[in-house]
Amino acid sequence: MAHGFKRTRKGITARFERPEVRLLQKLFSDVATTLEPEPREDADPLESLVGWDEEVPEPEDPAVRRLLPAASSDPEQAAEFRRLTDRTLREGKTAALRASSLALESDPVLLTPEQAQDFARALNDVRVVLAARLGIESPEDAERVGELTDFSRTETVEDYMAVVYNFVSWLQETLMTALLKTLPSR
């Protein structure tokens, strides 16, 4: 079983069983794939190469909409902001997911505070996607999902996702606690 993150003299460290590593790497990979922009048939190849998009539609996938929400309730402002930032946001999230997946290759996992921040971002993005897939919209939904913590008692795909969501939430909590201990004391 995983030993959550803790701060040590060497950095922020955690230990995982091989199946947990594979699970986390698969989750990071799946979210990175989910963040890939939807291909457009009318896209200009040169514009795509340099990262200039004249129009960037709001994502259709509800999980991606949660990862990349509209920046304004004004549709014109939201569209302009999305056009200017969508690619950079996707690339930054994907980079954090890939770096976190790579960090899992060492045993124990040893992170600098900067790497730990990327790992925290990656875990958060996984949680956001799982929350969207599980339909977590209210505190009651979160309570319902929070009750499922034992893999051996999962009967449905939703049960399994809920257990994974709770595992990732716990892991993120241990990481944030360790990161808080790296802050200078006043």
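Look a little higher up for the structure.
Notes on the structure follow. Just so it is clear, the structure is predicted and the values come from calculations on it, not from any experiment. Along each chain, residue indices are assigned from 1 in the same order as the chain's sequence is written. Predicted model: local features are reported for residues with pLDDT of at least 70 only, side-chain atom pairs are reported and counted for 80 or more only, and whole-chain, interface and lining totals are derived from all residues. Side-chain metrics rest on all non-hydrogen atoms present in the structure, leaving aside hydrogens and water.

1. Some details on helix 4 (residues 75–103)
And then number 1: With 29 residues, helix 4 should cover 42 Å at 1.5 Å per step; its first-to-last C-alpha distance of 39 Å lies within 8% of that length.
And then number 2: The sharpest bend along helix 4 reaches about 50 degrees and sits at T85.
And then number 3: Within 3.5 Å is the distance limit for a polar contact, defined as a pair of N or O atoms, with the added protein rule that one can donate a hydrogen and the other accept it, and that residues adjacent in sequence qualify only through two side-chain atoms. Each helix is a run of DSSP H or I of at least 4 residues and each strand a run of E of at least 2, with the numbering of both proceeding from the N terminus. Where helix 4 starts, the residue carrying a side-chain oxygen 2.8 Å from the main-chain nitrogen of E76 turns out to be D74. To estimate the expected span of a helix, count its residues, drop one, and scale the result by 1.5 Å. Here the bend at a residue is taken as the angle between two axes, fitted respectively to the seven residues that end there and the seven that start there.

2. Comments concerning the side chain of R82
And then number 1: Relative to the assigned elements, R82 resides in helix 4.
And then number 2: The classification of residues rests on relative accessible area computed with a 1.4 Å probe and restricted to protein chains. Under 20% of the type maximum is buried, over 50% is exposed, and intermediate values are partly exposed. Residue R82 is classed as buried on the basis of its relative accessible area, which comes to 7%.
And then number 3: Pairs of residues are marked as contacts when any of their non-hydrogen atoms sit within 4.5 Å. Among residues more than four places away in sequence, those in contact with R82 are V56, P57, E58, P59, L68, P69 and A70.

3. Brief notes about the pattern of salt bridges
Two side chains bearing opposite charge may form a pair once their charged atoms approach each other closely.
And then number 1: Criterion for a salt bridge: a side-chain nitrogen of Lys or Arg within 4 Å of a carboxyl oxygen of Asp or Glu. Taken as a whole, this structure holds 12 salt bridges when the rule is applied.
And then number 2: Between R15 and D107 there is a salt bridge, and its shortest N-O distance comes to 3.4 Å. Separated by 92 residues along the polypeptide, R15 in strand 2 (residues 12–15) and D107 in the loop between helix 4 and strand 3 (109–111) bring together distant segments of the chain.
And then number 3: On the basis of relative accessibility, which here comes to 58%, the residue D107 falls in the exposed class.

4. Comments concerning the packing of aromatic side chains
And then number 1: In this scheme Phe, Tyr and Trp rings, the latter by its six-membered ring, pair at centre separations within 6.5 Å, and the angle between planes marks the pair as stacked below 30 degrees, edge-to-face above 60, and tilted otherwise. Tallied over the entire structure, the rule returns 4 aromatic pairs.
And then number 2: Where F28 meets F119, the ring centres are 5.6 Å apart and the plane angle is 85 degrees; that geometry is what we call edge-to-face. In this pair, F28 is assigned in helix 1 (residues 18–34) and F119 in helix 5 (residues 113–134), connecting sequence segments 91 residues apart.
And then number 3: Judged by relative accessible area, which is 1%, F28 ranks as buried.
And then number 4: With relative accessibility at 0%, the residue F119 sits in the buried group.
And then number 5: Ring pairs connect the aromatic residues F5, F16, F28 and F119, which therefore count as one cluster.

5. Describing the sheet that holds strand 3
And then number 1: Any two strands with at least two DSSP-identified bridges between them are counted as paired. The antiparallel open sheet is built from 3 strands, whose spatial order is 1-2-3. Edge positions in the sheet fall to strand 1 (3–7) and strand 3, since each of these pairs with one other strand and no more. Geometrically, the sheet is characterised by an average inter-axis angle of 15 degrees between neighbouring strands, direction not taken into account.
And then number 2: For strand 1 and strand 2, the ladder comprises 3 bridges, and the chain directions are antiparallel. Across the sheet, residue K6 finds its bridge partner in strand 2, namely T13. Whenever a helix is involved, its axis is fitted only over the stretch in contact; in every case the axis is a line through C-alpha atoms, and angles between N-to-C directions fall within 0 to 180 degrees.

6. Details of the layout of surface pockets
And then number 1: In this structure, the second largest pocket occupies an estimated 250 Å³ of space.
And then number 2: Points on a 1 Å grid over protein atoms alone make up a cavity when a 1.4 Å probe fits among them but cannot get out, and a pocket when they form an open set with protein on both sides within 12 Å along at least five of seven lines; lining residues each have an atom within 4 Å of a point. Lining the second largest pocket, in full, are M1, P19, E20, L23, T149, F151, Y160, V163, N166, F167 and W170.
And then number 3: Elements supplying a minimum of two residues to the lining of the second largest pocket: helix 1 and helix 7 (157–180).
And then number 4: Here the lining of the second largest pocket takes 5 residues from helix 7, the largest share from any one element.
And then number 5: Taken together, the residues that form the lining of the second largest pocket break down as 8 nonpolar, 2 polar and 1 charged. Grid points are joined across faces, edges and corners, and a volume is the space filled by probe spheres set on the points. Gly counts as polar in this scheme, as do all residues outside two lists: the nonpolar Ala, Val, Leu, Ile, Met, Phe, Trp, Tyr, Cys and Pro, and the charged Asp, Glu, Lys and Arg.

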